[in-house]
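# Fold and contact review
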Amino acid sequence: MGFGMNASYTAMMALIFQEFGNRSVTVISMSEALIAVGTMLGPVMGGGLYSVGGYVMPFIVLSVIQVLLTIGCYVSLPSHEVERPAASVPPIYLLLSFSGFVCFLVVAGTYMFNSFTIAFLPTFLNEQFDFNALNIAVCGLVGSLSYSILSPMWAYGTEKWPNALILELGLSGLAIAYALLGPTTIIKHLFGWSKQRVWLIYVHEIIAGCFFGATLMQTFQLSENGFTDLQLPDSDITKYGLISGLWNMAFAVGDIAGPSLGGLMMSKFGFEDTLGIFSIILIVLILLSFLLRIVRGHRIRKEERRRVSANVDEERKPLLVTQ
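What comes next is a walk through the structure. (Residues numbered from 1 in each chain as written. Predicted model: local features only at pLDDT ≥ 70, side-chain atom pairs only at ≥ 80, totals over all residues. Heavy atoms only, no water.)

## Observations concerning the packing of aromatic side chains
- In the structure shown here, the tally under the stated rule is 18 aromatic pairs.
- Between tyrosine 111 and phenylalanine 212 the ring centres are 5.5 Å apart and the planes differ by 90 degrees, which places this aromatic pair in the edge-to-face class. Placement of tyrosine 111 in helix α4 (residues 98-129) and of phenylalanine 212 in helix α8 (residues 198-230) is noted, with a sequence separation of 101 residues between them.
- Using a relative accessible area of 9% as the deciding quantity, one classes phenylalanine 212 as buried.
- Ring centres of tyrosine 111 and tryptophan 247 lie 5.8 Å apart, and the angle between their planes is 80 degrees; this geometry places the pair in the edge-to-face category. Of the two residues, tyrosine 111 is situated in helix α4 and tryptophan 247 in helix α9 (residues 236-269); the sequence distance between them amounts to 136 residues. The exposure classification of tyrosine 111 matches that of tryptophan 247, with both residues buried.
- Here the aromatic cluster, defined as three or more aromatic residues joined through ring pairs, consists of Phe113, Phe116, Phe120, Phe124, Tyr178, Phe271 and Phe278.
- Of note, lysine 268 hangs over the ring of phenylalanine 269, and the distance from its end group to the ring centre comes to 5.9 Å. (Phe/Tyr/Trp six-rings, centres within 6.5 Å; stacked < 30°, edge-to-face > 60°. Helix = DSSP H or I, 4+ residues; strand = E, 2+ residues; numbered from the N terminus. Buried < 20%, exposed > 50% of the residue type's maximum accessible area, 1.4 Å probe, protein only. Lys NZ or Arg CZ within 6 Å of the ring centre and 35° of its normal.)

What follows is the structure, given as structure tokens:
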């Protein structure tokens with residue numbers, strides 16, 4: 001299942017970039033919003049099918065839907081002839097670019113922290129507040145709604161103002177959200193709390209849902225900058241395949257690291273302080289993002305000066321050369 005999801009998602013993003021060009025980030029944000037809707041509907045519809053036909057029924061229905069979708073994709077998706085049918089390098093090669101490296105760290109870190117909370121937050125809520133399955137589901141619903149509503153807005157802002165500090169804003173919001181979820185030891189001492197408050201859980205879900213999309217939307221631009229910096233000789237479709245491959249590789253690494261590495265951290269530091277470490281890592285990513293902006297700005301200005309100098313030299317050449 002993991003192999004199929006990763007392959008289909010990589011292909012989906014490559015096709016979106018190919019077909020929608022400058023509007024691709026908005027389209028991806030719409031697909032992310034639909035994923036959030038699916039996350040909300042999954043337990044409800046799956047539970048209904050389970051009550052009707054038992055454990056096997058939801059998987060039978062999903063398998064039939066997947067087969068129909070496969071046929072629909074084969075019939076409806078456009079066919080493109082490309083000059084270079086295969087990518088010149090694997091997606092991991094984009095990590096040699098500073099932009100690609102930062103993109104990987106941001107996406108992997110974001111999904112690591114998210115998968116950690118998905119894995120361990122229900123246990124924490126049950127121990128702290130004796131939450132039942134319905135209360136835990138409502139918490140997840142609040143976060144999913146916030147994410148699905150705000151993601152298209154962040155995507156529009158990314159396309160409208162590509163140099164805006166949307167990534168840094170998203171990372172800052174997530175850092176605050178994870179600091180409040182524990183809450184961390186510093187927050188407890190600051191406000192004189194001895195344990196978590198129920199209302200803080202919902203505040204965390206709203207903040208994390210709102211800023212999750214802001215964190216991710218500019219990472220597509222970062223991965224494309226990484227491709228441009230390396231000056232690879234690929235066609236558009238293979239270029240976007242590399243970009244989506246890097247993004248999905250980072251997503252998979254983060255999704256695996258959340259329960260595994262995050263679980264090890266929790267066993268050593270506890271749930272609350274592990275979230276505090278996540279907040280510190282997000283602050284480091286903010287600083288790294290600002291450093292990337294400085295480096296790229298310096299490089300762009302240097303290339304612009306070189307281009308202007310070359311044009312001036314060309315204009316100064318004599319029109320006629322005497323022997």
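## A word on the pattern of salt bridges
- Enumeration over the complete set of coordinates arrives at four salt bridges.
- Glutamate 168 is the partner of arginine 293 in a salt bridge, and the nearest nitrogen-oxygen pair spans 2.7 Å. With arginine 293 in helix α10 (residues 271-316) and glutamate 168 in helix α6 (residues 166-181), the pair connects residues that are 125 residues apart, well separated along the chain.
- For glutamate 168, a relative accessible area of 3% translates into the label buried.
- In this structure, aspartate 229 and arginine 299 form a salt bridge, with 3.2 Å as the shortest nitrogen-oxygen distance. Note that aspartate 229 is positioned in helix α8 and arginine 299 in helix α10, a separation of 70 residues in sequence.
- Taken together, the shared-partner salt bridges connect Asp229, Arg296 and Arg299 into one network. (Salt bridge = Lys/Arg side-chain N within 4 Å of Asp/Glu carboxyl O.)

## A look at the layout of surface pockets
- Taken as a whole, the second largest pocket encloses approximately 330 Å³ of empty space.
- For the second largest pocket, the lining is made up of 15 residues, of which Asn163, Gln221, Asn225, Arg293 and Arg296 are closest to its centre.
- Mapped onto the lining of the second largest pocket, the elements with two or more residues apiece are α6, α8 and α10.
- Among the elements that line the lining of the second largest pocket, the one with the most residues is α10, at six residues. (1 Å grid on protein atoms, 1.4 Å probe; cavity = no way out; pocket = protein on both sides within 12 Å on 5 of 7 lines; lining within 4 Å. Points joined across faces, edges and corners; volume = space filled by probe spheres on them.)

## Regarding a nonpolar patch on the surface
- Nonpolar side chains collect at one region of the surface, where Tyr50, Tyr55, Val56, Phe59, Ile60, Val64, Val67, Leu68, Ile71, Tyr74 and Val75 lie side by side and expose about 1,300 Å² of accessible area between them.
- In terms of residue count, helix α3 (residues 56-76) provides more of the nonpolar patch than any other element does, nine residues in total.
- With respect to the helices and strands, valine 56 occurs in helix α3. (Patch = residues over 30% accessible without salt bridge, like charges linked within 9 Å, V, L, I, M, F, W, Y side chains within 5 Å. Areas by Shrake-Rupley, 256 points an atom, 1.4 Å probe, with all protein chains shown as cover.)

## Quick notes on unusual backbone geometry
- At the junction of glycine 182 and proline 183, the peptide bond is cis and its omega measures out at -15 degrees in the coordinates.
- Even without being glycine, aspartate 130 reaches a positive phi, approximately 55 degrees.
- Along the polypeptide, aspartate 130 turns up in the loop between α4 and α5 (133-160).
- The exposure class of aspartate 130 is exposed, given its relative accessible area of 62%.

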